[in-house]
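Listed below are the residues making up each chain.
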Amino acid sequence: MTYSIVNRIVTAAPEAGHRIRFVRLDSTESFELTELWAMAGRVAHGLRGLGVRPGDRIGILAPNCLEWVLLDLAALRLMAVTAGFESGKFAADGELLARYRLRLLFTDRPAGAPGVRPIGMVRELAAGPAPEALPPARYAVDDVTTLKFTSGSTGQPKALAASVGSIDGSLRAVQQMFAHGAADDLFVFLPLSLLQQRYWIYSALCFGHDVTVSTYEAAFVALRQTRPTVVMGVPGFYEAARKHIETRPGCRVEAARGLFGDRIRYLWTGSAPASAEVLRFFTDAGLPLYEGYGLNETCIVSKNHPGAHREGSVGKVLPGKQVLFDAGGVISVRSDHPVNRRYEYAAPGESERVFGADGVVRTGDLGYLDEDGFLYIRGRADDVIVLDNARKIVVRPIEEHLKASAAIEECVVLCADRTNLVAVVSPAQDPADEDAITAALRQTNSAFGGDERIRKIVIARPRFSIQNNTLTSQYKPQRNRIFDLYRSEIEDHRRGIHAR
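This text gives an overview of the structure that appears in the document. (Residues numbered from 1 in each chain as written. Predicted model: local features only at pLDDT ≥ 70, side-chain atom pairs only at ≥ 80, totals over all residues. Heavy atoms only, no water.)

So, the sheet that holds strand β19 (residues 375–380)
Put simply, the test is: A pair of strands is treated as paired once DSSP finds two or more bridges between them. To qualify as a helix, a DSSP run of H or I must reach at least 4 residues; to qualify as a strand, a run of E must reach at least 2; elements of each kind are numbered from the N terminus. Angular values range over 0 to 180 degrees, each being the angle between N-to-C directions of two axes fitted as lines to C-alpha atoms, with helices fitted over their stretch in contact.
Sheet architecture is open: four strands sit in the order β16-β17-β18-β19, paired in antiparallel fashion. Taken across any chain shown, the strands that pair with only one partner, and hence form the sheet edges, are β16 (321–325) and β19. For this sheet the average axis-to-axis angle between neighbouring strands, irrespective of direction, equals 50 degrees. Across five bridges, the pairing between strand β18 (residues 361–369) and β19 is antiparallel. Bridging from a neighbouring strand, L369 pairs with L375 of β19.

Here we look at helix α8 (residues 219–226)
An α-helix turns once every 3.6 residues. As a result, residues three or four positions apart point the same way. What counts here: Relative accessibility decides the category of a residue: with a 1.4 Å probe and only protein chains considered, values under 20% of the type maximum give buried, values over 50% give exposed, and everything between is partly exposed. Along the arc lie the directions from the helix axis toward the C-beta atoms. Should any heavy atoms of two residues lie within 4.5 Å, those residues are counted as being in contact.
Burial in α8 covers these residues: A219, A222, L223 and T226. One side of α8 carries all its buried residues, which in axial view fall inside an arc of 105 degrees. Here the buried face of α8 lies against β1 (19–23), β9 (185–188), β10 (210–213), β11 (230–233), α9 (235–246) and α10 (252–260). Just downstream of α8 lies R227, where phi reads positive at about 55 degrees.

Considerations on the environment of Y343
Quick note on the threshold: Any pair of nitrogen or oxygen atoms within 3.5 Å is treated as a polar contact; in protein, a donor-acceptor pairing is required on top of that, and neighbouring residues in sequence qualify only through side-chain atoms on both sides.
You can see Y343 is positioned in the loop between β17 (330–335) and α12 (350–354). Sequence spacing of Y343 and E297 is 46 residues, and the spatial spacing of their C-alpha atoms is 9.0 Å. Setting aside residues no more than four positions away along its own chain, Y343 makes contact with T150, K158, A159, L160, E297, E350, S351, V354 and F355. Within the structure, the side chain of Y343 is placed 2.5 Å from the side chain of E297, a separation counted as a polar contact.

What about the layout of surface pockets?
Definition in use: Definitions used throughout: a 1 Å grid over protein atoms alone; a cavity as a set of points that fits a 1.4 Å probe which cannot get out; a pocket as an open set with protein on both sides within 12 Å along at least five of seven lines; a lining residue as one with an atom within 4 Å of a point. Grid points are joined across faces, edges and corners, and a volume is the space filled by probe spheres set on the points. Put simply, Ala, Val, Leu, Ile, Met, Phe, Trp, Tyr, Cys and Pro go in the nonpolar bin, Asp, Glu, Lys and Arg in the charged bin, and everything else, Gly too, in the polar bin.
Its boundaries defined by the atoms lining it, the second largest pocket holds a volume of some 280 Å³. Those elements that provide at least two residues to the lining of the second largest pocket are α11 (276–284), β19 and α13 (396–403). At four residues, α13 tops the list of elements feeding residues into the lining of the second largest pocket. Across the lining of the second largest pocket, the residue classes break down as eight nonpolar, four polar and six charged.

Concerning the nonpolar core
Selection rule: Joining through side-chain atoms within 4.5 Å is the link that ties buried Ala, Val, Leu, Ile, Met, Phe, Trp, Tyr and Cys residues into a set, and such a set is a nonpolar core.
I20, L36, V43, L47, L70, F106 and W200 are the most contacted members of the largest nonpolar core, which has 70 residues in total. With ten residues, helix α3 (residues 66–78) is the single largest residue contributor to this core. Non-local contacts of L70, meaning those with residues more than four positions away in its chain, are made with L36, M39, A40, V43, V122 and A126. Counting 42 residues, the second-largest nonpolar core is a separate cluster that includes Y238, V422, Y475 and I490.

As structure tokens, this is what we get:
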């Protein structure tokens, strides 16, 4: 029988000799994993004293920190459910507790409503006396540990109750591909409200390696300080890193090592498409960057890795996953252990649109498998623009070509009238370098032309960001939101940078 990683980390203390570090702009903390596990046990005991029982939901609304990790591990020990809320997108109030049926909500914000507790209280629980033995936790593959959130069409996030089987399957597959071990230190800086970021803490506890937890704001400072062997990032982060490296004098390899440290074994990217230029840049600099593919609804589906890597692909499909295609090339994914078979808190019909009766997930992505089993993603079916001449335009290659310009940080190609393509561009700097953006438009139109020709560019002011809700927490553009914000400029033929 295949062992459960989740059961292993809740029932047995980790091996001694490995550490977890928390690095912020103003502080650094470091703990043995054995100490972390013991502290989590004391927090679990304290939560039981506050009335938390198996199946109860514990909300966390705070940036990455020790307390976040302790609450999550304590919830696992109690067979409670962690609900991680992204900072800046939720209010710490009674409405949040009621909507998501939370027993308690821990936050770094002012706490006024009953059931809302200051997250600093977690350190007090962790410093308490050694607890009596907790009731044994034993998970089945369909049991739920986490409520994770994904974007919704109604303005309210949809939720997925993630199964133990889906977590175990992803972590086992990653360990088979990358063999994280005693010499490794995995660097995590994306929000811990994203379940996959907590995978690497679970991996450290189970497989025996170090892990460093930071924040996006502190990431580059923390990299130089901690010298990790693996970085878990997203394309937007690596694009920013590339531009930073290119400004440094001297050899590119030395500049890359100067930014990421001298121990990098590989870099991980996913959640959004990475451009070929970025992938090649880091590989040429001696820091291999491996792209993968997955969704909240599927966990990790495919991944390039040292044993099987093909440029332009998102890797081979993982064990326990099956990729299916409809007549139009739209991908569906079947899993041995699905994340779930429905959403919670979704609009009527939303679950039925995505989840098949047999648990198959309709991804909405276009792709294909080559003859060797490598998966390629062409774009989103929703992002295919059908012109009034019936020509179908896949916008992702056009967007990637534009983003190759150092003057363009991000962009989306849209069409309001079924005739003229318009790119909304987030510049790499303020004020925007309009001459360089105009040159990028000219070069892209030369490369594509015809129906794929961009008629004009609208410069986003302010630039895309998580804070203004034009980027997701994983730095993917919110296409519909951007269209709504810039509709008048897109439709007004007098405004914008026009192609010549």
